[in-house]
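# Coordinate analysis (summary)
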Amino acid sequence: DLENEEGNGSVSPSQLYITIPLALLFMLLRVAFERAIATPVATFMGIKSKVRQKAPVNPVLENFYISCSKHPSHEEIYGLAKKSNRSSIQVQRWFRRRRNQDRPAVMKKFQESCWRFIFYLGALIGGVAVLYDKPWFHDVWEVWVGYPKQEVLSSQYWYYVMELSF
């Protein structure tokens, strides 16, 4: 049922296996893009990778942070201060520094945004180039012509495979 009259355009789930190596390729491209393009652009724009102070090692506070809450109440801070032999202010400072450790740096956010911008810009341009000459690009009702036996063009297939790989 999934083949058209010419015998091409058949669809099978096994055709999606190509997305796994393509996803790995996208990961390598992302690393190369972040190092070669995004980081120099960020540096040129004055974005710096700020070094955050790390919270000192404290198993009691770390265990509470992981298992209970990243934002303890005043009563919990008081109890944790007693358990760890620290003042309440030191415990609050430790939690603030520990939360800041988990936050991504501005440089990392910029690199991520650049990567997504470039990919989605390329996907937009590629999608318009691939679909512009198709009848359903201008008339949405053309999508349903021939349903459920519709062929999948190779350009559509590769467009969707690239999106899925990303």
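Because the structure is predicted, anything quoted here is derived from the model rather than measured.

## Observations concerning the side chain of Glu 34
- Mapped onto the fold, Glu 34 is located in helix H1 (residues 19–44).
- At 3.3 Å, the side chain of Glu 34 forms a polar contact with the side chain of Lys 108.

## Observations regarding the pattern of salt bridges
- This structure, assessed with the given rule, holds seven salt bridges.
- One salt bridge in this structure joins Arg 30 and Glu 34, with 2.9 Å as the shortest N-O distance. On the criterion of helical spacing, the pair formed by Arg 30 and Glu 34 is a turn pair, its members being four residues apart in helix H1.
- Taking relative accessible area as the criterion, Arg 30 reaches 26% and is therefore assigned partly exposed.
- In this structure, Arg 30 and Glu 112 form a salt bridge, with 2.1 Å as the shortest nitrogen-oxygen distance. Highlighted residues: Arg 30 in helix H1 and Glu 112 in helix H5 (residues 106–131), separated in sequence by 82 residues.
- Among the charged side chains, a salt-bridge network with shared partners connects Arg 30, Glu 34, Lys 108, Glu 112 and Arg 116.

## Description of the UniProt feature "transmembrane region" (unreviewed entry) in the protein chain
- In the UniProt entry, the feature "transmembrane region" (unreviewed entry) is given for residues 16–33 and 113–132.
- Structurally, residues 16–33 is divided into 83% helix and 0% strand, and its ends, taken at the C-alpha atoms, are 25 Å apart.
- The annotated region residues 113–132 carries 95% helix and 0% strand content, and the separation between its end C-alpha atoms amounts to 28 Å.

## A closer look at the packing of aromatic side chains
- Summed over the entire model, instances satisfying the criterion amount to 14 aromatic pairs.
- Taking 6.2 Å as the distance between ring centres and 45° as the angle between the ring planes, the aromatic pair formed by Tyr 65 and Phe 95 counts as tilted. Linking Tyr 65 in helix H2 (residues 59–67) with Phe 95 in helix H4 (residues 88–102), this pair joins segments that are 30 residues apart in sequence.
- By relative accessible area, Tyr 65 is classed as buried at 5%.
- Looking at Phe 95, the relative accessible area reads 1%, which means it is buried.
- Where Trp 94 meets Phe 95, the ring centres are 5.2 Å apart and the plane angle is 80°; that geometry is what we call edge-to-face.

## Some details on H2
- Every buried residue of H2 is listed here: Leu 61, Phe 64 and Tyr 65. Along the long axis of H2, the arc covered by the buried residues comes to 100°, so they all point the same way. The outward face of H2, more than 90 degrees from its buried face, is lined by the exposed residues Pro 59 and Ile 66.
- Those residues of H2 that are buried are in contact with helix H3 (74–84) and H4.
- The opening residue of H2 is Asn 58, an N-cap whose side-chain oxygen sits 3.2 Å from the backbone nitrogen of Val 60.

## Structural notes on the confidence of the model for the protein chain
- For the protein chain, the average pLDDT comes to 87, and 93% of its residues sit at 70 or higher.
- Per-element averaging of pLDDT across the protein chain places helix H6 (residues 135–138) at the bottom with 85 and H1 at the top with 95.

## Notes on the nonpolar core
- Of all hydrophobic cores here, the largest spans 11 residues; its members are Phe 26, Phe 33, Ala 38, Ala 42, Ile 47, Met 107, Phe 110, Cys 114, Trp 115, Phe 119 and Ala 123.
- For this core, the secondary-structure elements that each account for two or more residues are H1 and H5.
- Setting aside anything within four residues of it in sequence, one finds Phe 119 in contact with Phe 26, Met 162, Glu 163 and Phe 166.
- Listed in part, the 10 residues of the second largest apolar core include Ile 77, Leu 80, Trp 94 and Phe 95.

About the criteria used
Residues numbered from 1 in each chain as written. Predicted model: local features only at pLDDT ≥ 70, side-chain atom pairs only at ≥ 80, totals over all residues. Heavy atoms only, no water. Helix = DSSP H or I, 4+ residues; strand = E, 2+ residues; numbered from the N terminus. Polar contact = N/O pair within 3.5 Å; in protein donor to acceptor, adjacent residues only side chain to side chain. Salt bridge = Lys/Arg side-chain N within 4 Å of Asp/Glu carboxyl O. Buried < 20%, exposed > 50% of the residue type's maximum accessible area, 1.4 Å probe, protein only. UniProt positions renumbered as here; feature names shortened; annotations may be inferred. Phe/Tyr/Trp six-rings, centres within 6.5 Å; stacked < 30°, edge-to-face > 60°. Arc of directions from axis to C-beta. Contact = heavy atoms within 4.5 Å. pLDDT = per-residue confidence, 0-100. Core = buried A, V, L, I, M, F, W, Y, C linked by side-chain atoms within 4.5 Å.

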